[in-house]
Each structure stands twice: as structure tokens, then as C-alpha cells.
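This is what each chain is made of:
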Amino acid sequence: MTSFLPAPGEPLPHYVSTAPFDPYSVEAMTEEQVRVNQASQLRLMWWKFRRHKLALISGIFLVALYLMIAICEFLAPYNLHTRNVDYIYAPPQSVHLFHEGKFVGPFVYGRTMELDMETLKRNYTDNLQDVEPIRFFCRGDSYRFWGLFESNVHLACPAKDGQLFLLGTDRLGRDVLSRIIYGARISLTIGLLGITVSFVLGIVIGGLAGYHGGVFDLIVQRIIEVLQSIPSIPLWLSLAAIMPATWSPILIYLGITIILGLLDWTGLARAVRSKLLALREEDYVLAAQLMGAKSGRIIGRHLVPGFMSHLIATATISIPGMILGETALSFLGLGLRPPITSWGILLTEAKSVSVIAFYPWLLFPTIPVIFVILAFNFLGDGLRDAADPYK
């Protein structure tokens, strides 16, 4: 049998390629494999998030909403405080395109009102001969854009001497659609501000407790346990009730935001603590300590970025809770107060069962609340899945 081993005392054969080394060599790989192999982690996360269709649609929906609140004065057909005293509790109007078989464009029919003297209910009927075309990019009610300058340009307006109540009116004749659009600015931003307060407290307190441990960790855990043992709704009510009634609407808005943030940081603090308890034993943390880095720098620059994706997913789940908290407090009369308008304040119009029975369109503010909560939950699911793109 022929042996391929060298004779005793002879060196083993050794072959070295003289070709230049290419660290990105991708022999025998398809173009798709090359693209995945060389992609960064952020790109891989985006590809995985994009495959979650519900999360992607929810993200686009939420981005559109937050862009909308920047120009809500332009989008609303009426000013926030405009009263149409001749159209109190008017039901929603239907938009039509054709009149008597001819294309007219988007329009609504004019209305006549009759008061039922037995029930004192206003009955509205459409006048099919009164065609009121909807105007676009038109001039209507004046407003102060972000409180900076006067303007009266709207995306859509009623016809001259006409009315446009796509979602009906309330007890003062105010357009429900316009008030929902204005209320989105408060209800959506209060979640972002509240989560900012919650994140600052949760990351700082939880980070210090997990990194240092010891007595500080013990005290923090006992405080968290006490706060989490208190029922949330009574605690919300008690904290909201202590705010003076003489405060301005802006101070009440800031107070509700801080309350929501103070009550939501405990869960985040525990999550941050558990993560840091595991990460503080890593070699790169010891290297940073030997180089003289202080605790704040190690936590902020080295430890927290290691689970930032988890924090983002947590935020998308916490924001809906804060929106619901503000809505509940305002609905109970202990949150925001007029003239500030939020979705919770709009729902106070529908407290009475008789009002709901006769004027069900006053419940329309619940629709954006439901859609926003669902969108944040779907977005959180997608971000949680995309946080680990290698699974």
C-alpha cells in the first residue's frame, strides 16, 4: 500500500497561498447570501421588522398621526371653539359624489331642523335640493397656528353659508371631528412626555441599583414593591386630586404627565436592574473600570446600549398605558380640564346613558383611542421580534 506520510525525519508538506487575503471573500455564495452576510445589525433588524406587516403598517399609521398633530389647525374644518348654535346635537353628514345622476364632486346636503315639542329633541332632515360642495385648501375659521401667528387656511371647509359635520356636533354645536383632531395633540404627546419621565427615572434608578447593588439596590427594590402593591387607579385619582384647581391648563397638563411618568418607572427599573446585573460581569466593563471610567459613563455608554432594542419595545408598550391613563383621568374629571381638549375630555360628553342612546356619535373619540392602542401594541411586537435579528 502506498503511504502518503513523509519518511521519518522529513518535514510535513506545507502549502501557502500567495494570493492576497480578502476578508470579504464570498466564494460559492449567492448574491442574496452576500448581501445578508455583509449587512449590519441595524439593516438586519430593519429587514426582519419589515416582514412583520402589521408592525410596519402600525408604524406608518403612528408616524402619520404624529405628523398630523403638528398641523391639526390646518386639518380641522372648524376652529376648536367654534359653536354652531343652530346645529346642536346634529348627526353626522354623509359625503356624496353624484347628484341626480350627475357627478358633482364631494358634497353634503343642507339640513333643516325641527324641534319635537314632546321630547325636546332636535330632528334634522337632509334637503336633497340643497347641494353644498366641500371646498379644499380654502379659507374658513381663523386660528393661531401653534399660538404664533394668525391664519384661516384649512384643508377642507364647508360651502359658503353651509355646514360640514362629518362626525356630528356636541351639546354646544361644536364639530366633533375638529375637536378629535385637536384632541390628538394632547392625548398623543402626553404619552411621549410621560414615557420620557419614566425612562429617565427607570434607567437611572434601575441602572444604579443593578450596577452597584448592595444597600442601594435593597432600598430601591423595597420602594418598587411598595409602589407596585398600591392599586394604580386609586393612586392616579389621589395624585390627580391634589393638584390645585387654580392651576392653569398647561400646569395641569405637565402635572398629569409627571404623575403618569412617576407611576410607570418601576417596571422599567426592574428590567434595567436585571439586565445590568448580568452585564456588569463582562470583561469590557472591567476594562472600562480599569481605565478610570465613572459609573455614569459605564452605564450610559457601555451597558444601556447593549439592550436598547429591549427599551424601545418597552416604550411602545408603555405609551398606550399612559394614553389610557390620561383618558381615564380626564373622563373622571380629575385629569385635564377645558379649555385644553383631549380624547378623554371629549368622552365626558358621553357620560350619560340617555346621551349615548340619542347621540351615539359622541362616542366617536373612542375610535382613535382604540386604533392608537392597537397600533402601539403591534409596533411593539414587531420591534421585539426585530430586536434579535439572528433568531
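What you see is a predicted model; the values in this text were computed from it and never measured.

Rules used in this analysis
Residues numbered from 1 in each chain as written. Predicted model: local features only at pLDDT ≥ 70, side-chain atom pairs only at ≥ 80, totals over all residues. Heavy atoms only, no water. Helix = DSSP H or I, 4+ residues; strand = E, 2+ residues; numbered from the N terminus. Rg over C-alpha atoms; globule rule 2.2 N^0.38 Å. Contact = heavy atoms within 4.5 Å. Areas by Shrake-Rupley, 256 points an atom, 1.4 Å probe, with all protein chains shown as cover. Lys, Arg positive; Asp, Glu negative; His and termini not counted. Charge placed at Lys NZ, Arg CZ, Asp CG, Glu CD. Core = buried A, V, L, I, M, F, W, Y, C linked by side-chain atoms within 4.5 Å. Buried < 20%, exposed > 50% of the residue type's maximum accessible area, 1.4 Å probe, protein only. Disulfide = S-S within 2.5 Å. Salt bridge = Lys/Arg side-chain N within 4 Å of Asp/Glu carboxyl O. UniProt positions renumbered as here; feature names shortened; annotations may be inferred. Axes fitted to C-alpha atoms, helices over the stretch in contact; angles between N-to-C directions. Left-handed = near helix turned anticlockwise from the far one by under 90°. Nonpolar A, V, L, I, M, F, W, Y, C, P; charged D, E, K, R; others polar. Parallel < 35°, antiparallel > 145°, perpendicular 65-115°, else oblique. Phe/Tyr/Trp six-rings, centres within 6.5 Å; stacked < 30°, edge-to-face > 60°. Lys NZ or Arg CZ within 6 Å of the ring centre and 35° of its normal.

Examining the overall build of the protein
What the protein contains, in helices and strands, is 14 helices and five strands. Here the C-alpha radius of gyration of the protein, 30 Å, is well above what a compact globule of 391 residues would show, namely 21 Å. Sequence separation of 24 or more characterises 67% of the internal contacts of the protein that already satisfy a separation of 6 or more. Total accessible area on the protein stands at roughly 22,600 Å², and carbon and sulfur atoms take up 65% of it. Computed over 31 positive and 30 negative side-chain charges, the inter-centroid distance for the protein is 5 Å.

A word on the nonpolar core
Grouped together as the largest cluster of nonpolar side chains are 59 residues, with contacts concentrated most on Leu 188, Ile 256, Leu 336, Trp 343, Leu 362 and Val 372. A total of nine residues in this core trace back to one element, the largest contributor, which is helix 5 (residues 176-212). Apart from the residues lying within four places of it in its own chain, the contact partners of Trp 343 are Ile 180, Gly 183, Ala 184, Ser 187, Leu 188, Pro 365, Pro 368, Val 369 and Val 372.

Things to note about the state of the cysteines
Disulfides are covalent bonds that connect the sulfur atoms of two cysteines. Tallied over the full model, the rule gives one disulfide. Note on cysteine connectivity: Cys 138 is disulfide-linked to Cys 157, with sulfurs 2.1 Å apart. Between Cys 138 and Cys 157, the S-S torsion sits near 105 degrees, and that sign places the bridge as right-handed. You can see Cys 138 sitting in strand 4 (residues 135-145) and its partner Cys 157 sitting in strand 5 (residues 149-157), a full 19 residues away along the chain. For Cys 138, a relative accessible area of 7% puts it in the buried group. In this structure Cys 72 is a free cysteine whose sulfur lies 15 Å from that of Cys 157, the closest cysteine sulfur available. The buried category is assigned to Cys 72, whose relative accessible area is 0%.

A short note on unusual backbone geometry
Residue Tyr 89 is not a glycine yet carries a positive backbone phi of 55 degrees. Mapped onto the fold, Tyr 89 is located in the loop between helix 4 (72-75) and strand 1 (96-99).

Let's talk about the pattern of salt bridges
All told, the structure shown has ten salt bridges when counted by the stated rule. For Arg 111, the salt bridge goes to Asp 126, with nearest N and O atoms at 3.2 Å. Within this pair, whereas Arg 111 is found in strand 2 (residues 102-116), its partner Asp 126 is found in strand 3 (residues 121-133), the two being separated by 15 residues in sequence. Taking relative accessible area as the criterion, Arg 111 reaches 14% and is therefore assigned buried. Residue Asp 126 is classed as partly exposed on the basis of its relative accessible area, which comes to 42%.

Some words on the UniProt feature "transmembrane region" (unreviewed entry) in the protein
As annotated by UniProt and renumbered to match this structure, "transmembrane region" (unreviewed entry) occupies residues 54-76, 186-211, 250-272, 311-336 and 356-379. Annotated as residues 186-211, this span is 100% helix and 0% strand, and its ends, taken at the C-alpha atoms, are 37 Å apart. In the segment residues 356-379, helix accounts for 71% and strand for 0%; the C-alpha atoms at its two ends are 32 Å apart.

Describing the packing of helix 6 (residues 214-229) against helix 8 (residues 249-279)
Running from N to C, helix 6 and helix 8 cross one another at 145 degrees; their axes reach a closest spacing of 10 Å. Judged by the twist between their axes, the crossing of helix 6 over helix 8 is left-handed. Contact with helix 6, carried on its side by Asp 217, Gln 221, Ile 224, Glu 225, Leu 227 and Gln 228, involves Trp 265, Thr 266, Gly 267, Ala 269, Arg 270 and Arg 273 of helix 8 and no other residues of that element. Of the residues belonging to the contact of helix 6 with helix 8, the class tally is four nonpolar, four polar and four charged.

A closer look at the packing of helix 5 against helix 11 (residues 308-331)
One can describe the packing of helix 5 onto helix 11 by two numbers: an axis separation of 8 Å at closest approach and a directional angle of 125 degrees. By the angle class used here, helix 5 and helix 11 are oblique. In this structure, the crossing between helix 5 and helix 11 has a hand that is right-handed. For the pair formed by helix 5 and helix 11, the contact residues are Ser 187, Leu 188, Ile 190, Gly 191, Leu 192, Gly 194, Ile 195, Ser 198, Phe 199 and Ile 203 on the first element and Leu 311, Ala 315, Ser 318, Ile 319, Met 322, Ile 323 and Glu 326 on the second. Along the lines of polarity and charge, the residues of the contact of helix 5 with helix 11 split into eleven nonpolar, five polar and one charged.

Some points on the environment of Val 95
Residue placement: Val 95 occurs in the loop between helix 4 and strand 1. In this structure Val 95 comes out as partly exposed when scored by relative accessible area, which is 45%. Once the C-alpha coordinates of Val 95 and Ala 328 are considered, the two residues, 233 residues apart in sequence, prove to be 33 Å apart.

Examining the packing of aromatic side chains
Taken as a whole and assessed by the stated rule, the structure comprises eleven aromatic pairs. A ring pair is formed by Phe 98 and Phe 103, whose centres lie 5.4 Å apart and whose planes are at 70 degrees; its orientation type is edge-to-face. With respect to burial, Phe 98 and Phe 103 carry one shared label: exposed. Between Phe 107 and Tyr 109 the ring centres are 5.2 Å apart and the planes differ by 85 degrees, which places this aromatic pair in the edge-to-face class. Counting every residue linked through ring pairs, the aromatic cluster contains Tyr 78, Tyr 87, Tyr 124 and Phe 165. The residue whose ring lies beneath Arg 185 is Trp 146, and the NZ or CZ to ring-centre distance is 4.2 Å.

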